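These are the residues of each chain, in order.
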Amino acid sequence: MNTTRSLCLLVIAMPLLAAPKVTFSEHIAPIVYEKCGSCHRPGESGPFSLTNFQEVSRWGKLIATVTQKRYMPPWHAQPASVQYRDERRLSDAQIELIQDWVKQGMPEGDAKNEIVLFKYHNISQFFSSSFFNL
Ligand code: HEC
């Protein structure tokens, strides 16, 4: 009986869960970690870190402004990385997602996803930066 009731609640809740809501862990973390994390982390050129939900949401409004103006990520900060410039650039859809996220009050979403994404980002960076360049 309890199981049935739980299932009913789940089915009722599904459309609510599936609503097009922008969350940090699902939408914003992959963008910020990939496009901003190389500079906005301890020891790099960015003036503050953007390596977790607390840090990114603290700077959320400013991030929305600088990405919309395309002031960040910068184009000419690393002259040696010509071929990476386009990779670092944000697409219109990504800029839009950041705008929506800030407008919606910067919800975190499921923190479990966020941690996995960040670890994965670090591992891939480790392999591309030090492992293959021996
Ligand atoms: C190539 C390194 C680099 C990357 C990549 C980068 N930043 Fe920055 N960021 C900087 C530096 C250096 C500054 C400080 C100097 C400045 O404001 O231009 C800065 C400043 C900022 C500021 C403060 C601006 C202000 O007006 O005070 C924000 C907000 C910011 N970055 C957000 C981001 C976001 C969001 C991304 C990714 C979409 C990003 N940055 C990617 C290097 C970087």
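Residues numbered from 1 in each chain as written. Predicted model: local features only at pLDDT ≥ 70, side-chain atom pairs only at ≥ 80, totals over all residues.

What about the overall build of the protein chain?
As a reminder, the rule being used: Secondary structure follows DSSP: runs of H or I at least 4 residues long count as helices, runs of E at least 2 residues long count as strands, and numbering of each begins at the N terminus. Our exposure labels follow a C-beta count within 10 Å of each residue's own C-beta, placed from the backbone: buried means 20 or more other C-beta atoms, exposed means 12 or fewer, and partly exposed covers the counts in between. The contact criterion used here is simple: two residues whose C-beta atoms, placed from the backbone, lie within 7 Å are in contact.
Along its length, the protein chain carries 7 helices and 0 strands. The secondary structure elements of the protein chain, listed N-terminal to C-terminal, are α-α-α-α-α-α-α. For the protein chain, buried positions account for 16% of its 134 residues. For the protein chain, the proportion of contacts with a sequence separation of at least 24, taken over those separated by at least 6, is 73%.

Considerations on the packing of helix α2 (residues 24–35) against helix α6 (residues 92–103)
How we decide: Only the contacting stretch of a helix is used when fitting its axis, a line to C-alpha atoms as for every element, and angles between N-to-C directions run 0 to 180 degrees. If an angle is under 35 degrees, it is roughly parallel; if it is over 145, roughly antiparallel; if it lies from 65 to 115, roughly perpendicular; otherwise it is oblique. Handedness of each helix crossing follows the sense of rotation of the near helix against the far helix: counterclockwise by less than a right angle gives left-handed, clockwise gives right-handed. Following the grouping adopted for this structure description, the nonpolar residues are Ala, Val, Leu, Ile, Met, Phe, Trp, Tyr, Cys and Pro, the charged ones are Asp, Glu, Lys and Arg, and the polar ones are all others, Gly among them.
Running from N to C, α2 and α6 point in directions that differ by 130°, and their axes come no closer than 10 Å. Relative to α6, α2 is oriented oblique. The two elements α2 and α6 meet at a crossing, and its hand is left-handed. Between α2 and α6, the contacting residues are Phe24, His27, Ile28 and Ile31 on the first element and Gln94, Leu97, Ile98 and Trp101 on the second. Partitioning the contact of α2 with α6 into residue classes produces 6 nonpolar, 2 polar and no charged.

A short note on the nonpolar core
Selection rule: We call a set of buried Ala, Val, Leu, Ile, Met, Phe, Trp, Tyr and Cys residues a nonpolar core when their C-beta atoms link them within 7 Å.
Formed by 15 residues in total, the largest nonpolar core has its most connected members in Phe24, Ile28, Ala29, Val32, Val56, Ile98 and Trp101. Secondary structure elements with two or more residues in this core: α2, α3 (53–58) and α6. Here this core takes 6 residues from α2, the largest share from any one element. The residues touching Ile98, leaving out its near neighbours within four places in the chain, are Ile28, Ile31, Ile63, Ala64 and Thr67.

Quick notes on the environment of Ser38
Counting through the fold element by element, Ser38 comes out in the loop between α2 and α3. For Ser38, a count of 20 C-beta atoms within 10 Å puts it in the buried group. C-alpha of Ser38 to C-alpha of Thr51: the two residues are 13 residues apart in sequence and 9.8 Å apart in space.

Description of the confidence of the model for the protein chain
Applicable threshold: Every residue gets a pLDDT, meaning the predictor's confidence in that residue, from 0 to 100.
For the protein chain, the mean per-residue pLDDT works out to 78, and 63% of the residues sit at or above 70. Overall, residues 126–134 carries pLDDT values under 50, and its contacts beyond four positions in sequence, including any with other chains, amount to 2 contacts.

A look at the packing of helix α4 (residues 60–68) against α6
Their axes nearest at 9 Å, the elements α4 and α6 cross at an angle of 155°. As the angle between them shows, α4 and α6 are arranged roughly antiparallel. Where α4 crosses over α6, the handedness of that crossing is left-handed. Across the interface between the two elements, Gly60, Lys61, Ile63, Ala64, Thr67 and Gln68 of α4 pack against Ile95, Ile98, Gln99 and Val102 of α6. For the contact of α4 with α6, a count of residues per class yields 5 nonpolar, 4 polar and 1 charged.

Side note on the environment of Ile63
By secondary structure assignment, the location of Ile63 is in helix α4. C-beta crowding within 10 Å serves as the criterion here: with 24 such atoms nearby, Ile63 is assigned to the buried category. The spacing of Ile63 and Ile95 is 32 residues in sequence and 9.8 Å in space, taken between C-alpha atoms. Contacts of Ile63, omitting those with residues within four sequence positions, involve Val56 and Ile98.

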